Amino acid sequence: MKTDLDTLCINTLRMLAVDMIEKAGSGHPGLPLGAAPMAHVLWSRYLRFNSKNPDWCDRDRFVLSAGHGSALLYALLHLNGYDLSLEELKRFRQWGSAAPGHPERGVTPGVEVTTGPLGQGFANGVGLAMAERFLAARFNRCNQCVVDHWTYVLCSDGDLMEGLSYESASLAGHLKLGRLICLYDDNEISLAAGTRLTFSEDVQRRFEACGWQVLPVSDGNDLEEIDRAIQAARADMLRPSLIMVRTQIGYGSPGRQGTPDAHGAPLGAEETAATKDFFGWPREPAFYLPDEALAYREERIAAGAALEHLWNERMTAWNEACPEVREDWGRSMRSELPHDWDADIPVYGADAKPLATRSAGGEVMNAIARKVKNFIGGSADLDPSTKTALKKAGSFQGPGGDFDSTPGKEAGPCDYGASNIAFGVREHAMGAILNGLAAHGGIRPFGATFFVFSDYMRPAIRLAALSELEVTYVLTHDSVAVGEDGPTHQPVEHLASFRAMPNLVVLRPADANETAEAWRVAMTHRGGPVMLVMSRQNLPVIDRQQFAPARGLRHGAYILAEATDENPQLILIATGAEVHAALEARERLESQGIATRLVSMPSWELFEAQPEDYREQILPGAVEARLAVEAGCGQGWHRYVGAHGDVLCLDRFGASAPGGELLQRFGFSADEIERRSLALLDAGQG
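It should be emphasised that the depicted structure is a prediction, and the values quoted were computed from it without experimental measurement. (Residues numbered from 1 in each chain as written. Predicted model: local features only at pLDDT ≥ 70, side-chain atom pairs only at ≥ 80, totals over all residues. Heavy atoms only, no water.)

Some thoughts on the pattern of salt bridges
Rules: A carboxyl oxygen of Asp or Glu within 4 Å of a side-chain nitrogen of Lys or Arg is what we treat as a salt bridge. Only protein chains enter the accessibility calculation, which uses a 1.4 Å probe; a residue is then buried when its area is under 20% of its type maximum, exposed when over 50%, and partly exposed in between. Runs of E in the DSSP output that reach at least two residues are strands. Runs of H or I that reach at least four are helices, and both are numbered from the N terminus.
The full count for this structure, using the stated rule, is 43 salt bridges. Its salt-bridge partner being R133, residue E132 comes within 2.6 Å of it at the nearest N-O pair. Each member of the pair, E132 as well as R133, is classed as buried. Note that E470 is salt-bridged to R526, the shortest N-O span being 3.8 Å. Linking E470 in the loop between α16 (458-467) and β9 (472-476) with R526 in the loop between α18 (512-524) and β11 (530-533), this pair joins segments that are 56 residues apart in sequence. Here E470 falls in the partly exposed class, since its relative accessible area comes to 28%. Take R526: its relative accessible area is 36%, and that puts it in the partly exposed class.

As structure tokens, this is what we get:
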């Protein structure tokens, strides 16, 4: 039942948010004023956490998908005892503050995922809920339930307008993620106008059609109605739940309530005073915290510690009863790899048949999966083409889920403990769900699609990079060599655009052994995502007895073939499939007495991370004749070829024709590399 303390805490949340926004001179007061009651009911009655240990692995996860309402989240964190001081609240949206304009993982204790781009947090919540089910299926043994938590999302009208929410809701319903509960701040207002201008669909029927339980709440200030809805949501374990809470944006602000003006600007001094009067709140001082709210804060701190203590007791019993998985649990939670995790990764001899790097990547992934049990992921309905199915690892499905007949999966289970995720044709959702899986902890996720369709995933990849999430992207069909499918399926600008993204490592291996090394990098890299860009076409295996070992890939660039003279006249730089044409061209140039070095440069980011002396060793400044070769746009390559170098690239869209013919017509051949190289040398002599 509602108490005076409930009212006091709700109004404390509201007024802290208003004061934060007023002091900052920017922010979004509408959501905190309207949604504070549902947030308080959730946090005070249901959400399990220990604010003094935000990383407790069995905590419930809370995601503010409507990240523009961050002032509400920061008020909740402060009032519930997290290490977010009142002084930090006063520095809301300022340089170096732990309370940035939108929630950022790793910046603020208690923030699970970075949100703000609408719809992303909603889909992150699906990934968090999937992670909980996967870990529960693996570790809840010996009559002990050590993984037993819920995922809650607070979303807005804008979140549900984004197509991403539909994709992820569809998958969540299919997977029967009953431990996912979304509270929808249904205030019928967006930034520009009332939602009736743009959003007249029946949201309830849409979610019911996707397999969700939908629970309407008619009054967002009725705490008991909200409480009953959450209880009903938790009672249905086979359906995710959407609680549609009818609220008023900017509730309590006499001049802004129920209007778009409440969404995204401070109330102003006069309206702030009127709002505080409405709630019977002191106008001064700002950031007022009643004694009862401070006492509530101490109670929440104690309650959280008690919850984790009880869990630790269960863990003690589990550790004794289940020694066979105890070590696996520890590694998973610490994000560590088994000591022999890469022991089965194949090594390809020069006599091996030509192999597409996508195919080699599939073989490497399966070798990893046999050792790393928390390695899970899937593709956007493209496993047969991306070669990313994990054999005998089953299909991640809810109770009664249909068995996926994709080759390689049929011998495994069909339940939440399986490692193959069938994302369906949902690249937007896949990208954001991967972020939720990674943010949860205990899991090493990957996702695969054709490189050209990475455009659909770009916002989620950017957030993974910003959040330092360890996600691996397997992106195949990497160039115009895709062939007959034509320019709609041929990536051209994608390598350059992703290389421009901070904190993302992009790797484009040249053969099967570079692919194996690329996966070693992906599995051991920390602090951000890794993108593996793979060929569709078969490529020869480079003879590592004749040329440099593939482990040079770890440095981003390495001398694959040295010039016969220790002082090269020309340096060729290539990536991926184009390395092979460059190798042939180098042989021709060497036969003409031109000392030519070939550098394989699969990763700009790894190369830039090397010491300056290593970079100078690979690309000595004294050698000005340099030619870079890559079947993509040339943007950025001039940093490596210099003012006197050249770039053989593709600054246009592709065409529909066999892949081999396209490579010839666009000049990615030994003939054209030789011609360009000789022209460079002639120009230098002139």
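What follows continues from the structure just given.
Quick word on helix α13 (residues 357-369)
Definition in use: Under the convention used throughout, the expected extent of a helix is 1.5 Å for every residue step, that is, one less than its residue count. Two residues form a contact once any of their heavy atoms are found within 4.5 Å.
Under the 1.5 Å per step criterion, the end-to-end length of α13 is 18 Å for 13 residues, consistent within 8% with the ideal 18 Å. Judged by how many residues are buried, α13 sits mostly within the fold: 12 of 13 residues are covered. Contact partners of the buried residues in α13: β6 (375-379), α14 (383-386), β8 (444-450), β9 and α18.

So, the packing of aromatic side chains
Given two aromatic rings, their pairing is described by the distance between the two centres and the angle made by the two planes. The cut-off we apply is this: Between the rings of Phe, Tyr and Trp (Trp by its six-membered ring), a pair exists once the centres lie within 6.5 Å; its type follows the angle of the planes, with under 30 degrees stacked, over 60 edge-to-face, and the other angles tilted. Note on geometry: a ring has a charge over it if NZ (lysine) or CZ (arginine) is within 6 Å of the ring centre and within 35 degrees of the ring normal.
A full pass over the atoms with the stated rule returns 27 aromatic pairs. Aromatic side chains F122 and F207 sit 6.1 Å apart centroid to centroid with 70° between the ring planes, which places their arrangement in the edge-to-face category. Taken together, the residues F122 in helix α5 (residues 120-139) and F207 in helix α8 (residues 203-209) connect sequence positions 85 residues apart. Each of the two residues, F122 as well as F207, counts as buried. Summarising the aromatic geometry, the rings of F607 and Y640 are spaced 5.9 Å apart at their centres and angled 65° between planes, so their arrangement reads as edge-to-face. Residue F607 is found in helix α20 (residues 604-608), and its partner Y640 is found in helix α22 (residues 638-641); the two are separated by 33 residues along the sequence. Chaining the aromatic ring pairs together yields one cluster made of W604, F607, Y614, W637 and Y640. Positioned above the aromatic ring of W150 is the side chain of R179, whose terminal nitrogen or guanidinium carbon lies 5.1 Å from the ring centre. When the ring centre of F498 is taken as reference, the NZ or CZ atom of R458 above it lies at 4.1 Å.

Focus on the UniProt feature "binding site: substrate" (unreviewed entry) in the protein chain
Defined as follows: UniProt positions are given in the numbering used here, feature names are shortened, and annotations may be inferred rather than shown by experiment.
In this numbering, the UniProt entry assigns the feature "binding site: substrate" (unreviewed entry) to H28, H263, R358, S385, H477, D485, H489 and R536. Across 509 residues of sequence, these annotated residues are also dispersed in space, with a maximum C-alpha separation of 47.8 Å. Tracing the backbone shows S385 in helix α14. Setting aside chain neighbours within four positions, we find S385 in contact with R358, F450, T476 and H477.

Here we look at the packing of helix α1 (residues 4-24) against helix α3 (residues 70-79)
Rule in force here: Whenever a helix is involved, its axis is fitted only over the stretch in contact; in every case the axis is a line through C-alpha atoms, and angles between N-to-C directions fall within 0 to 180 degrees. The cut-offs work like this: below 35 degrees is roughly parallel, past 145 is roughly antiparallel, 65 to 115 is roughly perpendicular, and the gaps in between are oblique. Here a crossing is taken to be left-handed if its near helix is turned anticlockwise relative to the far helix by less than a right angle, and right-handed if that turn runs clockwise.
As a packed pair, α1 and α3 sit with axes 8 Å apart at the nearest point and diverge in direction by 125°. Overall, the two elements α1 and α3 adopt an arrangement that is oblique. Every pair of crossing elements has a handedness; the one defined by α1 and α3 is right-handed. From α1, C9, T12, L13, L16, A17, M20 and I21 reach across to α3, where they touch A71, L72, Y74, A75, L76, H78 and L79.

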